[in-house]
Amino acid sequence: MRAVPALLALVALAACGGDAQRRSQPAPKGDPGLKVWVAQGCGSCHTFAPAGATATIGPNLGLSLGGRSRDYIRESIVAPNARVPGGGTSIMPADFAKRISKPELDALVNFIAQGVRAR
């Protein structure tokens, strides 16, 4: 029975930021953070109304990040295991600090922070 959760975690990891997700969405116009969101495939795992994303693998960011600081949002992206209850492991990839540049990360954090405040 342990193989099923492990298999689901692998499927989720493959989907998060996957090339197929990036190719299937048109390039967004406007907000640079939205561009990073799409380029990294964030919408393949998360629900987030400002991005038009409705995936349910990861948390709904509008709910889970409401009222959180930009620092908290940044840490949630670059160190997703930092706040997992009981010292567990998140299925979110932990390499976003290496995948995207600091300006891209700043833009993504700003996009998410503005979106959770606008609710």
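Just so we're clear, the structure is a prediction, and the values are computed from it rather than from any experiment. (Residues numbered from 1 in each chain as written. Predicted model: local features only at pLDDT ≥ 70, side-chain atom pairs only at ≥ 80, totals over all residues. Heavy atoms only, no water.)

**Student:** When you look at the confidence of the model for the protein in this model, what are you seeing that I'm missing?
**Tutor:** Regions with low pLDDT carry predicted coordinates that are not meant to be interpreted in detail. Per-residue confidence for the protein gives a mean pLDDT of 81; residues scoring 70 or more make up 74%. Taken as a whole, residues 1-15 scores under 50 in pLDDT and shows eight contacts with residues more than four places along the chain or in a different chain. Note that pLDDT drops below 50 for residues 17-25; the model gives that stretch 13 contacts with residues more than four away or on any other chain. (pLDDT = per-residue confidence, 0-100. Contact = heavy atoms within 4.5 Å.)

**Student:** Just to check I follow, could you spell out the nonpolar core for this structure?
**Tutor:** Generally speaking, soluble globular proteins have nonpolar side chains that are buried together. Core analysis: the biggest nonpolar cluster contains 22 residues, and Trp37, Phe48, Leu65, Ile73, Ile77, Leu108 and Ile112 have the highest contact counts within it. Broken down by secondary-structure element, the contributors of at least two residues to this core are helix 3 (32-39), helix 5 (70-78) and helix 7 (102-117). A total of seven residues in this core trace back to one element, the largest contributor, which is helix 7. If we skip the residues at most four places from it in the chain, Leu108 touches Gly33, Val36, Trp37, Ile77 and Ile100. (Core = buried A, V, L, I, M, F, W, Y, C linked by side-chain atoms within 4.5 Å. Buried < 20%, exposed > 50% of the residue type's maximum accessible area, 1.4 Å probe, protein only. Helix = DSSP H or I, 4+ residues; strand = E, 2+ residues; numbered from the N terminus.)

**Student:** What is the right way to look at the pattern of salt bridges in this model?
**Tutor:** For side chains of opposite charge, pairing can occur when their charged atoms come near one another. Taken as a whole and assessed by the stated rule, the structure comprises four salt bridges. Between Asp106 and Arg74 there is a salt bridge; the shortest N-O distance is 2.8 Å. With Asp106 in helix 7 and Arg74 in helix 5, this pair connects stretches of sequence that are 32 residues apart. On the accessibility criterion, Asp106 (21% relative accessible area) is partly exposed. Several salt bridges converge on common partners, so that one network encompasses Arg74, Lys102 and Asp106. (Salt bridge = Lys/Arg side-chain N within 4 Å of Asp/Glu carboxyl O.)

**Student:** What exactly am I supposed to notice about the layout of surface pockets here?
**Tutor:** Regions of empty space are outlined by a rolling probe, equal in size to a water molecule, passed over the atoms. Taken as a whole, the largest pocket spans an internal volume of roughly 580 Å³. Along the walls of the largest pocket sit 31 residues, with His46, Pro59, Ser76, Pro80 and Met92 positioned nearest its centre. Within the residue set of the lining of the largest pocket, elements represented by two or more residues are helix 4 (61-64), helix 5 and helix 7. In terms of residue count, the dominant contributor to the lining of the largest pocket is helix 5 (five residues). Residue composition of the lining of the largest pocket, grouped by class: 20 nonpolar, eight polar and three charged. (1 Å grid on protein atoms, 1.4 Å probe; cavity = no way out; pocket = protein on both sides within 12 Å on 5 of 7 lines; lining within 4 Å. Points joined across faces, edges and corners; volume = space filled by probe spheres on them. Nonpolar A, V, L, I, M, F, W, Y, C, P; charged D, E, K, R; others polar.)

**Student:** Is there a simple way to explain the side chain of Ser44 in this structure?
**Tutor:** Topologically, Ser44 is positioned in the loop between helix 3 and strand 1 (47-48). A polar atom in the side chain of Ser44 sits 2.6 Å from the backbone oxygen of Gly41. (Polar contact = N/O pair within 3.5 Å; in protein donor to acceptor, adjacent residues only side chain to side chain.)

**Student:** Help me out: how do you make sense of the packing of helix 3 against helix 7 in this one?
**Tutor:** When two helices pack together, their arrangement is given by the angle between their axes and by how far apart the axes lie. One can describe the packing of helix 3 onto helix 7 by two numbers: an axis separation of 7 Å at closest approach and a directional angle of 105°. The angle between the axes of helix 3 and helix 7 places the two elements in the roughly perpendicular class. Touching Pro32, Gly33, Leu34, Val36 and Trp37 of helix 3 are Glu104, Ala107, Leu108, Phe111 and Ile112, all from helix 7. Its residues assigned to classes, the contact of helix 3 with helix 7 comprises eight nonpolar, one polar and one charged. (Axes fitted to C-alpha atoms, helices over the stretch in contact; angles between N-to-C directions. Parallel < 35°, antiparallel > 145°, perpendicular 65-115°, else oblique.)

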